[in-house]
Amino acid sequence: AQSVTQLDSQVPVFEEAPVELRCNYSSSVSVYLFWYVQYPNQGLQLLLKYLSGSTLVESINGFEAEFNKSQTSFHLRKPSVHISDTAEYFCAVSVLSGTYKYIFGTGTRLKVLA
Amino acid sequence: KAGVTQTPRYLIKTRGQQVTLSCSPISGHRSVSWYQQTPGQGLQFLFEYFSETQRNKGNFPGRFSGRQFSNSRSEMNVSTLELGDSALYLCASSLEGPNNEQFFGPGTRLTVL
């Protein structure tokens, strides 16, 4: 069965420090990979996605994620975080299994400290 | 293009009652999914509808049901409410195909007293 694991439920980090949010998935078939962000009192919104091609994908606000097929990982990184990055981040995979299924991880709460 | 809308935004019910939540997807999106989000359990998949048919279902009791109309609008219903049903219910719509992102609404905050 397919699954998504986000190893860290909470990550505190000081402003302007780098951060990595980890995501591992389990699937025997090809997947598409996504990171979503949820700001307080809002729904989720897409941050970035990997469909094919270059394994490194970037978002417009400085986040990047790298697809590593051998390690079945899709970790999210940012070299320097801002207070405004405080939010919950969800990793998700889309898997074609009969019909396709969207599977979310449990989320990582990023808290940026001044 | 208008985003995903959910109504109502907030609801307060008592145990034993039933509730209906509504979701209007982005125009042209035929897939609508529902999720329950709680602090303890995170984001849990309820079900997905496509062209008025339930295509995928999560592990929730039969008290949770849904439907989709011909205009792709969707409703979910929870009967015999329990305290543990208090949560943020999120609706998401997407185009057909596994490579498409899901667009989320702001959610309906349900409180069961």
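*Asks:* Would you mind showing me how to read the interface of chain A and chain B here?
*Replies:* Each partner contributes residues to the interface: chain A has 20 residues there, and chain B has 23 residues. Buried surface at the junction of chain A and chain B, summed over both partners, amounts to about 1600 Å²; 56% is from carbon and sulfur atoms. A per-residue breakdown of the area chain A buries against chain B is headed by Leu44(A), Tyr100(A) and Phe104(A), which together make up 34% of the total. Put simply, chain A and chain B have zero salt bridges between them. Inspection of the region where chain A meets chain B yields two residue pairs in polar contact (both at pLDDT 80 or more). Listed by contribution, the elements that provide at least two residues to the side of chain A that touches chain B are β5 (31-38), β6 (44-50), β10 (87-97) and β11 (99-104) of chain A.

*Asks:* What is the right way to look at the sheet that holds strand β7 (residues 64-68) of chain B in this model?
*Replies:* All names here are of chain B. The strand order across the open sheet built from four strands is β1-β3-β8-β7, with neighbouring strands paired in antiparallel fashion. In this open sheet, the two edge strands, each paired with only one partner strand, are β1 (5-7) and β7. Adjacent strand axes in the sheet meet at a mean angle of 20°, parallel and antiparallel pairs treated alike. Here strand β3 (residues 19-24) pairs with strand β8 (residues 74-78) via five bridges, running antiparallel. Bridge pairing in β8 places Leu21 opposite Met76.

Thresholds, definitions, all that
Residues numbered from 1 in each chain as written. Chains lettered and ligands numbered in written order. Predicted model: local features only at pLDDT ≥ 70, side-chain atom pairs only at ≥ 80, totals over all residues. Heavy atoms only, no water. Contact = heavy atoms within 4.5 Å. Buried area = accessible area lost by both parts, 1.4 Å probe. Salt bridge = Lys/Arg side-chain N within 4 Å of Asp/Glu carboxyl O. Polar contact = N/O pair within 3.5 Å; in protein donor to acceptor, adjacent residues only side chain to side chain. Helix = DSSP H or I, 4+ residues; strand = E, 2+ residues; numbered from the N terminus. Pairing = 2+ DSSP bridges. Axes fitted to C-alpha atoms, helices over the stretch in contact; angles between N-to-C directions.

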